[in-house]
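Commentary on secondary and tertiary structure
These are the residues of each chain, in order.
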Amino acid sequence: RDRVRAGLRSQAARMAPVVDGEKSKRKVRPGLIESDPVESAILVHYEVEEIVDGQVVERKQAVKKVKLTSLSSDSDLNAVAQDVVDKCKLVSQSKLPMVIKCLEDIMQRNQRNGRSEEEFQEWDDQFQSNKRSDIDKFIGEQRGQFSTDGVEISLDKLDTYLEMLYEDNMQEKIKGTSLILQLVRDPDNLEHLVTNEQFLGALTRIFREEAKKSMDLVINIVYIFFSFSNFSAFHQHMTEYKMGDMVMKVIELEIKRDSLRKEETAAKLKALSKEDQEREQKKLRATEKKQDKLLFVCFHVLLNLAEDIGIERKMKKRKITIVLIQMLQRKSPELLLLTVAFLKKLSIFAENKDEMREGNVESVLVKLIAPGSSDELSMAVLRLLLNLSFDTEIRSNLVREGFIPKLVDLLKKPQFRHVSLKLLYHISMDDKCKSMFTYTDCIPMVVNMVQNFPEQHVEKTLIALAVNLASNARNAEAMTEGDRLGAFLSRLFQTKDPLLAKMLRNLSSHDGPLKMKFAEFISDIAALSRQTDAPDLLVELLGILGNMTMTEIPFSQILTDYDLINFLKNHLAQGHSEDDIILEIVIFIGTCVNDPKCAPIFANSDLVAVLYDLMADKQEDDEIVLQITYTFFRCLQHESTRDILLNQTQVVSYFVDLLYDKNDAIRKMADQTLDLVMEFDPEWANQIRLRKFQIYNAEWLQAVEETGDLGGSRIQRGRGITEIEDQDMDGVYSGRG
């Protein structure tokens, strides 16, 4: 099968000198033309053949990216396409319709996204400032309602403003608070005002007594509280006068008012004409808009005060989390943005997260990510959901709400890509959710981003997502369609990225046609394993080799060509390698032994004895003991390695010891291995039957031993140590650990 061999041998072939008389030439074959899934660019696939004396010695696939810097919403697509054909030699004139189709796809995507990748940095820089500007603008609109009628505002007139608060006329009280509000807009006045006990006492008293009578009065006073809450130094004074408690009561009151108002309006509308209904609904919307502004500043005060964890705990006891979840049903973009920010702050504590889950907050948040939503709100929702996505149940609920397709769409926008990848990674940790990715554009996008990542090592969140996706069989098939596997391996051989190798290891674990795709690259992988000094990379490469359980792989030739026997022995030497590498080597040897031609190679080396010694050395590591037992089970099926195990080691004694092991898998594997020994060696068969009898009848033997009927037999058991002395039975057995 002709395929690109981008491995080490192909690198060596490129470096080999051309012998005199050989004629070398290069042939380029253009291939698929497609639009880049992320950038405004066209990808042109092509294949390069290296031909020497008429024979193809190497094939290499590559991709040329044609960036469309001149493409805009008013561009002539035919002219742009012709320009691409003229400038790119790999695109012939006959491919012009295909280029136009790619341009149309890019134009449609850009219109949906609204931003190009080049704008990401500018958007990121302005994100926080835009958010702050929106808040300031919102507050400024409310303050603008309070006219001073040309009156000069002065701190010297504070007593006059306070006297207005004691007037019987509500309008005078509102005017007095509006004048005080103008004072607190100047930060220089705040320090003087906060130390004025008469001022704070009067303000809080009026708030408690008159809050239910006038929303305008409440809005004025809460804005004054807000001005103080912006500075942490004043929070202690606010706490002493219980301003946070008063604000919380206002919120609770407004929620009850809103619920009652909607019920009354719904009942009233039934008896009104259509025109009167529209007039009533318009009045309701105006009231809701005013209420949204009040709720906005109230929650902003509480958010500022929540800098103190103690105050935040008090808010939790007042069920602030549940109240905030209710606010997600409001229509005001500013109030929604503030609510999401507040919930994000609360979500770092498990008890708050649990309340949000019980309130089904994830279902509401997913609906806020809609085509008409602002980027700021969408980003805030994503960050909150990222905090919540550490909870397994919330992740499952997000999947049921159809969150994966929304994340995939956001993945196309550069400003959302980083947080979207993290959320997708969290969702991909659940095995039952991995198959959901198969039916989205996520896999082709992830594959493209991994293969074309600009740095040597793929970004960790991106490659971690790819690793998780590769562990699902359907996803793995989609990830290796066409020549994608060759492109992955080509990148691996060039970058030696251990996480990319981990992804390929997961891909190689699936049986069937997918595993066979790796067959032609096994020699290259073995060569890289032989050369690398990076333990993280070596573990994954050995894992790929260990997954190659197909009989078609010529492991005997690979072991010889790359001198892997000495390589394996060196790594198995005591203290040379970490346990992870040792485990993968043992698995790889067990895979190789499936090839009957490998057995003589192992028999002629001392690798079998090394494994036997390793079994005793690593007796506390269940996984290593289990894999060595399996490898010996395979070795016993071949005469050459069986003779060494039965005649030059005491491995059978060790297997008998393993029948006592606490690990169920080890006991079963040891039992199967002993059955195989009994089949090939009659001498060992009798002793094995005796030991199995003693194990399966241990309780009876213990009872007999206590009565002394066995003449004082003694049984000691444990992994690697078995000693049985029996005066009434023939033979003495001792096992070596």
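Residues numbered from 1 in each chain as written. Predicted model: local features only at pLDDT ≥ 70, side-chain atom pairs only at ≥ 80, totals over all residues. Heavy atoms only, no water.

What follows covers the overall build of the protein chain. Broken down by element type, the protein chain carries 41 helices and six strands. Here the protein chain holds 737 residues, and 50% of them are scored as buried. Intrachain contacts of the protein chain at a sequence separation of at least 6 include 68% that bridge at least 24 residues. Put simply, the protein chain shows about 36,200 Å² of open surface, and 47% of that area lies on carbon and sulfur atoms. (Helix = DSSP H or I, 4+ residues; strand = E, 2+ residues; numbered from the N terminus. Buried < 20%, exposed > 50% of the residue type's maximum accessible area, 1.4 Å probe, protein only. Contact = heavy atoms within 4.5 Å. Areas by Shrake-Rupley, 256 points an atom, 1.4 Å probe, with all protein chains shown as cover.)

A few words on the pattern of salt bridges. The final tally for this structure, using the stated rule, is 34 salt bridges. We note a salt bridge from Arg-357 to Asp-354, for which the minimum N-O separation is 3.2 Å. Of this pair, Arg-357 and Asp-354 are both found in helix 16 (residues 350–358), three residues apart, which corresponds to roughly one turn of the helix. Linked by salt bridges that have partners in common, Asp-258, Arg-261, Lys-262, Asp-292 and Arg-330 make up one network. (Salt bridge = Lys/Arg side-chain N within 4 Å of Asp/Glu carboxyl O.)

Quick look at the packing of aromatic side chains now. What the rule picks out here adds up to six aromatic pairs. A centroid spacing of 5.4 Å and a plane angle of 45 degrees characterise the contact between Phe-207 and Phe-225, whose relative ring orientation is tilted. Residue Phe-207 is found in helix 8 (residues 197–210), and its partner Phe-225 is found in helix 9 (residues 215–229); the two are separated by 18 residues along the sequence. Under the relative-accessibility criterion, Phe-207 is labelled buried at 3%. (Phe/Tyr/Trp six-rings, centres within 6.5 Å; stacked < 30°, edge-to-face > 60°.)

Helix 30 (residues 535–547) packs onto helix 27 (residues 498–508) with a crossing angle of 15 degrees between their chain directions and a minimal axis gap of 8 Å. The orientation of helix 27 relative to helix 30 falls into the category roughly parallel. When the axes of helix 27 and helix 30 are compared, the crossing they make is left-handed. Between helix 27 and helix 30, the contacting residues are Pro-498, Ala-501, Lys-502, Leu-504, Arg-505 and Ser-508 on the first element and Asp-536, Leu-537, Val-539, Glu-540, Gly-543, Ile-544 and Asn-547 on the second. Counted by class, the contact of helix 27 with helix 30 contains six nonpolar, three polar and four charged residues. (Axes fitted to C-alpha atoms, helices over the stretch in contact; angles between N-to-C directions. Parallel < 35°, antiparallel > 145°, perpendicular 65-115°, else oblique. Left-handed = near helix turned anticlockwise from the far one by under 90°. Nonpolar A, V, L, I, M, F, W, Y, C, P; charged D, E, K, R; others polar.)

We now examine helix 19 (residues 392–400). Buried residues of helix 19: Ile-394, Arg-395, Ser-396, Asn-397, Leu-398 and Val-399, and no others. Elements that come into contact with the buried residues of helix 19 comprise helix 16, helix 17 (361–368), helix 18 (375–388), helix 20 (403–411), helix 21 (414–428) and helix 22 (431–434). Capping the start of helix 19, Asp-391 holds a side-chain oxygen 2.9 Å from the backbone nitrogen of Glu-393, two or three residues further along. After helix 19 finishes, the residue Gly-402 shows a positive phi value of roughly 75 degrees. (Polar contact = N/O pair within 3.5 Å; in protein donor to acceptor, adjacent residues only side chain to side chain.)

Here we come to unusual backbone geometry. With glycine set apart, most residues show a phi of negative sign, and most peptide bonds adopt trans. The phi angle at Asn-360 is positive, at roughly 55 degrees, despite the residue not being glycine. For Asn-360, the position within the fold is in the loop between helix 16 and helix 17. A positive phi angle is found at Asp-563, which is not glycine, with a value near 50 degrees. If you trace the backbone, Asp-563 turns up in the loop between helix 31 (555–561) and helix 32 (564–572).

If you look at the biggest cluster of nonpolar residues, it comprises 202 residues, and the most contacted ones within it are Phe-299, Met-503 and Leu-504. Sorting elements by how many residues they give to this core places helix 9 first, with 11 residues. Those residues within four positions of Met-503 in sequence are excluded, and the remaining contacts are Ile-463, Ala-466, Val-467, Ala-470, Met-479 and Phe-488. Residues Ile-33, Leu-77, Cys-88 and Leu-90 belong to the second largest nonpolar core, which totals 21 residues. (Core = buried A, V, L, I, M, F, W, Y, C linked by side-chain atoms within 4.5 Å.)

Across the protein chain, the average pLDDT comes to 82, with 85% of residues at or above 70. Averaged over each element, pLDDT in the protein chain is lowest for strand 6 (residues 733–734) (31) and highest for helix 27 (96). Within the model, the stretch residues 113–121 combines pLDDT values under 50 with 14 contacts to residues more than four positions away or in other chains. The model gives residues 710–737 a pLDDT under 50, and that stretch makes 67 contacts with residues more than four places away or in other chains. (pLDDT = per-residue confidence, 0-100.)

So, on to the state of the cysteines. A complete count under the given rule lists zero disulfides for this structure. Free cysteine: Cys-598, not disulfide-bonded; nearest cysteine sulfur from Cys-592 at 5.0 Å. You can call Cys-598 buried: its relative accessible area is 0%. (Disulfide = S-S within 2.5 Å.)

What follows concerns the packing of helix 8 against helix 11 (residues 243–269). Closest axis-to-axis distance for the helix 8/helix 11 pair is 11 Å, and the angle between their directions is 20 degrees. Judged by the angle between their axes, helix 8 and helix 11 are roughly parallel. When you trace helix 8 past helix 11, the crossing you get is left-handed. Across the interface between the two elements, Leu-200, Thr-204, Phe-207 and Arg-208 from helix 8 touch Met-243, Met-246, Val-247 and Val-250 from helix 11. Here the contact of helix 8 with helix 11 is composed, by residue class, of six nonpolar, one polar and one charged.

Further remarks concern the pairing of strand 3 (residues 55–67). As paired strands, strand 2 (residues 41–52) and strand 3 are joined by 12 bridges and run antiparallel to one another. Across the sheet, the residue bridging to Glu-49 is Arg-59, located in strand 3. Following strand 2, the chain reverses through two residues before pairing antiparallel with strand 3; Asp-53 in that reversal takes a positive phi of roughly 50 degrees. (Pairing = 2+ DSSP bridges.)

Given 3.6 residues per turn, any residue in an α-helix points the same way as the ones three and four places further on. Looking only at helix 16, the buried set comprises Asn-352, Lys-353, Glu-355 and Met-356. Down the axis of helix 16, the smallest arc covering the buried residues is 160 degrees, so these residues share one side. Elements in contact with the buried residues of helix 16: helix 13 (309–317), helix 14 (320–327), helix 15 (333–346), helix 17, helix 18 and helix 19. Two residues or fewer past helix 16, Asn-360 is found with a positive phi of approximately 55 degrees. (Arc of directions from axis to C-beta.)

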